[in-house]
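What the coordinates show
Listed here are the chains, written in short residue letters.
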Amino acid sequence: MKGLIIALALAVSWTPFNLWAQESETELLKQVHVTKHQAKKIALARVKRGAIKCVALEKENGVLIWSVDIAQPPKKDLTDVWVDATTGKITAVEVETPLTEKMEVAEEKAKKCFSRQNTH
């Protein structure tokens, strides 16, 4: 299973037009109209009785979003709420199991490793 996760992460990280790797967080922040704090409030209004675990600014399908991961103990799943960083509208709500969360972390590690290799 671990090998499958790593293989999937590497396959995804090899996409040639990885916008996240090409644009720094500073450049992305210049495009934001909705603050991180506002995105948290919007996401928590959608997922009641939750605690924010992580907030990240990302470009998904060409759209700048705040990805807000919310835990609802005692559940082990996380709810990932995508808030459009320019309009404040929720564009997606996805429940992530511990397995999908591990795959996402592995994918991010592979992307960082790949982007470091391309800069040297």
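Our structure's up above, just so we're on the same page.
Residues numbered from 1 in each chain as written. Predicted model: local features only at pLDDT ≥ 70, side-chain atom pairs only at ≥ 80, totals over all residues. Heavy atoms only, no water.

A closer look at the overall build of the chain
Put simply, the rule is: Only runs of H or I of at least four residues qualify as helices and only runs of E of at least two qualify as strands under DSSP, and these elements are numbered from the N terminus. Each residue's exposure class comes from its accessible area (1.4 Å probe, protein chains only) as a fraction of the maximum for that residue type: buried when under 20%, exposed when over 50%, partly exposed otherwise. By definition, residues are in contact when any of their heavy atoms lie within 4.5 Å. Here the open area of atoms and residues is found with the Shrake-Rupley method and a 1.4 Å probe, where only the protein chains shown may cover a residue.
Scanning the chain for helices and strands turns up five helices and four strands. Tracing the chain from N to C terminus, the helices and strands come up as α-α-α-α-β-β-β-β-α. Evaluated residue by residue, the chain yields a buried proportion of 31% over its 120 residues. Taking the contacts inside the chain whose residues are at least 6 apart along the sequence as the reference set, 42% of them involve residues at least 24 apart. For the chain, the computed accessible surface area is about 8100 Å², with 58% contributed by carbon and sulfur atoms.

Considering the pairing of strand E2 (residues 63–71)
Note the threshold: Note on pairing: DSSP must find at least two bridges between two strands before they are called paired.
The element E2 is extensively covered by neighbouring structure, given that eight of its nine residues are classed as buried. The pairing of strand E1 (residues 51–60) with E2 spans nine bridges and is antiparallel. The residue of E2 that forms the bridge with Lys59 is Leu64. Here E1 hands over to E2 after two residues, with Asn61 in that stretch at a positive phi of 55°. The sheet contact formed by E2 and strand E3 (residues 78–84) spans seven bridges and is antiparallel.

Some details on the sheet that holds E2
As a reminder of what qualifies: Working convention: axes come from line fits to C-alpha atoms, limited for helices to the stretch in contact. Angles between N-to-C directions cover 0 to 180 degrees.
The strand order across the open sheet built from four strands is E1-E2-E3-E4, with neighbouring strands paired in antiparallel fashion. What marks the edges here is a single partner per strand, and that holds for E1 and strand E4 (90–96). Direction aside, the axes of adjacent strands within the sheet are offset by 20° on average.

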